[in-house]
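Working through the structure, step by step
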Amino acid sequence: MQFLKLAPAIPFLRKQDSIPDTVRNAALLAPYNKPSYRSERRLSVWLFAAPDMSAGAAPKFTPAWRNQHLEDFVTSRGYHIAQLGLTHYSVGGGIMPHRDTTFAKPGMALGVTLFGDARFYMWSNVLKQKPTSNNASLIVALEDGDVYEFHNKYIHAGWSQDPRRITLNAWKLRDDWKTAFRMALRT
């Protein structure tokens, strides 16, 4: 991990963590699907349960792909729900500038980079123009094995430099979404 542009006011933390081979292998075998929303330029799969990502959605989840190794990795680090993203674009695949949506409790989210390089961008919450790579407040070069936390309500994006890159992102749930989440896990 290398900081290409650093803004101390932007909430981003490098984490010292190791990624077990069982997590790496599970990420390679996941049943990735086509993108489910406009800002996504990657294949993805939800772990645990898939949230309703509609604007203003009521708390609702559908069952998603389950994998004990990935779930243990996520929950042992204090997170509730996660998504894997497989870039599969030669350059520029990933996820475009956005803030995490309705299900995510405001605060720090987890990011893990596997198998390829990427650039992670964050923008100040006072940004008045369209976010671009030129006006990002923070730019981090990510490599295989990098683990980090970032504030999910700041605009952020991850653009891969390698089609093999897989990202694992995990969030804590808003309190009013937890009951619906537990119900989805039982089905």
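Anyway, here's the lowdown on the structure attached to this text.

What counts, and at which threshold
Residues numbered from 1 in each chain as written. Predicted model: local features only at pLDDT ≥ 70, side-chain atom pairs only at ≥ 80, totals over all residues. Heavy atoms only, no water. Pairing = 2+ DSSP bridges. Helix = DSSP H or I, 4+ residues; strand = E, 2+ residues; numbered from the N terminus. Axes fitted to C-alpha atoms, helices over the stretch in contact; angles between N-to-C directions. Buried < 20%, exposed > 50% of the residue type's maximum accessible area, 1.4 Å probe, protein only. Arc of directions from axis to C-beta. Contact = heavy atoms within 4.5 Å. Salt bridge = Lys/Arg side-chain N within 4 Å of Asp/Glu carboxyl O.

Attention now goes to the sheet that holds strand 2 (residues 12-15). Read from one edge to the other, the open sheet built from six strands follows the order 2-12-9-14-7-4, with strand pairing classed as antiparallel. Looking at the sheet topology across the chains shown, the edges are occupied by strand 2 and strand 4 (43-47). In this sheet, adjacent strand axes meet at a mean angle of 20° when their direction is disregarded.

Moving on, we get to helix 1 (residues 21-29). Those residues of helix 1 that fall on the buried side of the exposure criterion are Val23, Arg24, Ala26 and Ala27. Projected down its long axis, helix 1 shows its buried positions confined to an angular sector of 165°, all on one face. Across from the buried face of helix 1, at angles greater than 90 degrees, the exposed residues are Asp21, Leu28 and Leu29. Buried residues belonging to helix 1 abut helix 2 (68-75), strand 7 (81-86), strand 9 (108-114) and strand 14 (166-171).

This part covers the pattern of salt bridges. Tallied over the entire structure, the rule returns six salt bridges. Here arginine 164 and aspartate 162 are joined by a salt bridge, their closest N and O atoms 2.5 Å apart. Exposure remark for aspartate 162: the relative accessible area of 13% places this residue in the buried category.

At phenylalanine 48, a residue that is not glycine, the phi angle is positive and equals roughly 75°. Checked against the element boundaries, phenylalanine 48 lands in the loop between strand 4 and strand 5 (49-51).

The values reported here are purely geometric and, on their own, carry no functional implication.
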